[in-house]
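# Structure assessment
Listed below are the residues making up each chain.
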Amino acid sequence: MAQRDERPKRKTAPGSKQVISGADSVAQLEARCRALEAECETLRAELAQAQGRVAGLERARNEVVDRIDWIVDSLNGLKQADE
């Protein structure tokens with residue numbers, strides 16, 4: 001005799017599949033679109049700010065590298081003058 005599967009069957013939660021009327025879905029999509037556009041603008045502003053910060057850090061790094069090169073060259077010149 002075949003045994004029946006004893007596992008409980010899954011049931012979907014009531015209301016998990018909502019039916020939205022056309023007008024409601026358009027309004028919801030428009031609201032979501034506006035929210036996403038606002039978020040996009042915020043992210044663009046943050047990106048521009050971060051890019052400005054990166055550019056500033058790169059300039060500062062280049063200045064430090066130039067100073068270090070100058071110091072190394074100066075020390076090498078002093079060392080050669082002593083020899």
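Since the structure is predicted, the reported quantities are computational estimates derived from the model, not experimental observations.

Here we take up the overall build of the protein. When you go through the protein residue by residue, the secondary structure sums to 1 helix and 0 strands. Sorting the 83 residues of the protein into buried and exposed places 0% on the buried side. For the protein, the accessible area works out to roughly 8500 Å², and carbon and sulfur atoms hold 55% of it.

Once that is clear, we can look at a nonpolar patch on the surface. Together, W70, I71, L75 and L78 make up a nonpolar patch on the protein surface, roughly 470 Å² of accessible area in all. Note on placement: I71 falls in helix α1 (residues 22–82). Classification of I71 by relative accessible area gives partly exposed; the value is 44%.

Right, let's talk about a negative patch on the surface for a bit. Residues E63, D66, D69 and D73 make up a contiguous surface patch of negative charge. Note that E63 resides in helix α1. What makes E63 partly exposed here is its relative accessible area of 47%.

Conventions adopted
Residues numbered from 1 in each chain as written. Predicted model: local features only at pLDDT ≥ 70, side-chain atom pairs only at ≥ 80, totals over all residues. Heavy atoms only, no water. Helix = DSSP H or I, 4+ residues; strand = E, 2+ residues; numbered from the N terminus. Buried < 20%, exposed > 50% of the residue type's maximum accessible area, 1.4 Å probe, protein only. Areas by Shrake-Rupley, 256 points an atom, 1.4 Å probe, with all protein chains shown as cover. Patch = residues over 30% accessible without salt bridge, like charges linked within 9 Å, V, L, I, M, F, W, Y side chains within 5 Å. Salt bridge = Lys/Arg side-chain N within 4 Å of Asp/Glu carboxyl O. Lys, Arg positive; Asp, Glu negative; His and termini not counted. Charge placed at Lys NZ, Arg CZ, Asp CG, Glu CD.

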